[in-house]
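# Residue-level structural notes
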Amino acid sequence: MFNRIRHMLIKEFLQMFRDPRMRMVVFGFPVIQMMVMAFALNTDVMNIRTAVLDMDKSPASRELIDTFTAGGYFKIIKDTDSWTELQSYLDQGDVRVLIAIPSGYAQDIKSGQTAKVQIISDGTDNNTSAIVSGYSERIIREYSNRLLKNRLNAKGVTQPPIAMETVTRAFFNTNQESRYYYVPALIAVMLFIFSIMLTSIGIVKEKEIGTIEQVMVTPIRKIEFILGKTLPYMFTGYFTMTMMLIVARLIFGVTVKGNYPLLYFLTGIYLCGNMGVALVISASATTQQQALLTSFLFIMPGVMLSGFMFPINNMPVVIQYLTHINPIRWYLEILRGIVMKGVGIGVLWHQVMWQASLAVFFIFLAAKRFRKTLS
């Protein structure tokens with residue numbers, strides 16, 4: 001048995017490494033795509049393009065504008081005296097935020113009255129608009145507190161009135177940097193895409209060129225054939241994952257806080273499930289184009305319903321139940337738990353149970369479909 005599997009592995013590796021393009025697809029593209037997407041998927045909103053309409057032209061209004069730009073969140077690229085021109089910047093998409101300071105702003109502050117400032121954001125991107133609103137509120141609140149403190153000090157009041165202050169703290173990602181959220185998720189996505197796609201295409205390719213019949217007339221058994229076809233892609237999946245973890249640490253500063261052996265063991269379960277899906281796809285496809293298209297039909301919903309981009313709790317209840325049969329959902333939770341939180345099997349047992357159950361199910365289904373296809 002082991003001798004036959006060994007010969008199958010040698011054949012698969014020779015076939016995989018014979019084509020230079022295949023070598024690039026297997027070992028280069030996943031890492032390159034992860035790097036590109038990790039740089040592109042950045043929800044940290046900085047240098048927001050901002051236009052200002054300062055109708056007061058006072059030291060107080062200029063101080064407020066300087067307060068907005070001091071933190072690096074807002075970048076003033078337009079300064080105008082016309083309200084119509086200010087609105088045109090927003091309509092054309094030149095800026096994302098408008099700051100309008102009315103005349104009499106400094107006089108209102110000096111007299112102790114409520115000074116008004118208008119902040120208008122581009123709501124076509126609701127996520128950025130919400131972040132801009134939060135930034136603006138925090139900046140204005142801190143600026144207002146500073147003015148109040150200065151006024152009280154000028155009056156000789158050294159003890160400010162009691163005020164409640166909210167201090168927030170985020171565990172596991174203190175600075176709320178998006179790379180710590182997206183980089184581990186991209187590792188799961190790249191493994192999901194390439195393990196399913198390459199395995200399914202690799203098996204169907206033998207159908208197209210007619211070599212699969214030559215293999216099946218040998219004494220090799222079904223389980224030996226399945227192992228011989230999938231184990232090489234398991235090895236390449238582990239290699240790709242290792243390279244992506246190295247890139248994540250060296251370039252993005254994302255380190256694994258948990259246990260490496262546990263991470264690799266659970267990754268093996270995840271890859272086994274993906275191989276089962278690929279075998280099911282290859283059993284129903286007769287050409288590489290069919291295998292590729294069928295893979296996309298499974299990959300796209302899998303990624304979109306995994307919690308990678310959108311929280312699962314925000315989805316309709318029916319869709320939330322459907323995500324239970326999505327293997328990438330559970331591996332994402334496992335990966336983020338081990339990489340970001342450093343937790344172990346005691347915390348992740350629920351996700352591991354679902355991941356293992358899906359792997360067994362897909363492998364069993366693949367074995368059944370494989371037998372029927374070759375009969």
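Heads up: the structure comes first, above all this text.
Quantities reported herein were computed from a predicted structural model and do not represent experimental measurements.

Let's shift gears to the packing of aromatic side chains. Per the stated rule, a full pass over the model turns up 11 aromatic pairs. Aromatic side chains Tyr73 and Tyr135 sit 4.3 Å apart centroid to centroid with 40° between the ring planes, which places their arrangement in the tilted category. Taken together, the positions of Tyr73 in the loop between helix 4 (59–70) and strand 2 (74–80) and Tyr135 in helix 7 (residues 126–154) put the pair 62 residues apart, joining distant regions of the chain. Overall, the relative accessible area of 24% leaves Tyr73 in the partly exposed class. Consider the rings of Tyr181 and Tyr182, whose centres lie 5.1 Å apart with planes at 85°: the pair is edge-to-face. Looking at Tyr181, the relative accessible area reads 31%, which means it is partly exposed. Judged by its relative accessible area of 9%, Tyr182 falls in the buried class. Just above the ring of Trp330 sits the side chain of Arg329; from NZ or CZ to the centre is 4.2 Å. Above the ring of Tyr181, the side-chain terminus of Arg336 is found at 4.0 Å from the ring centroid.

Interhelical geometry of helix 11 (residues 260–284) versus helix 14 (residues 327–341) gives an angle of 170° and a closest axis separation of 11 Å. Of the possible angle classes, the one that applies to helix 11 and helix 14 is roughly antiparallel. Residues Leu262, Leu263, Leu266, Thr267, Tyr270 and Asn274 of helix 11 form the contact with helix 14, whose own contacting residues are Pro327, Ile328, Tyr331, Ile334, Leu335 and Ile338. The residue makeup of the contact of helix 11 with helix 14, split by class, is 10 nonpolar, two polar and no charged.

Conventions and cut-offs
- In every chain, residue numbers begin from 1 and rise along the written sequence.
- For this predicted model, a pLDDT threshold of at least 70 governs which residues receive local features, and a threshold of 80 or more governs which side-chain atom pairs are given and counted, while totals over whole chains, interfaces and linings are taken from all residues.
- Derived side-chain values reflect all non-hydrogen atoms in the structure, with water molecules and hydrogen atoms excluded from consideration.
- Side-chain rings of Phe, Tyr and Trp, where Trp is taken by its six-membered ring, are said to pair if the distance between their centres is within 6.5 Å; with planes under 30 degrees apart they count as stacked, over 60 as edge-to-face, and otherwise as tilted.
- Helix and strand definitions follow DSSP, with helices as H or I runs of at least four residues and strands as E runs of at least two, each counted in order from the N terminus.
- Throughout this description, buried means an accessible area under 20% of the type-specific maximum (1.4 Å probe, protein chains only), exposed means over 50%, and partly exposed covers the range between.
- In this scheme, the term charge over a ring applies when either NZ of a lysine or CZ of an arginine sits within 6 Å of the ring centre and within 35 degrees of the ring normal.
- Axis definition: a line fit to C-alpha positions, over the contact stretch in the case of helices; interaxial angles, taken between N-to-C directions, run 0 to 180 degrees.
- Here roughly perpendicular refers to angles of 65 to 115 degrees, roughly parallel to angles under 35, roughly antiparallel to angles over 145, and oblique to all remaining angles.
- Residue contacts are counted whenever heavy atoms from the two residues lie within 4.5 Å of one another.
- Under the scheme applied here, ten amino acids are nonpolar (Ala, Val, Leu, Ile, Met, Phe, Trp, Tyr, Cys and Pro), four are charged (Asp, Glu, Lys and Arg), and all others, including Gly, are polar.

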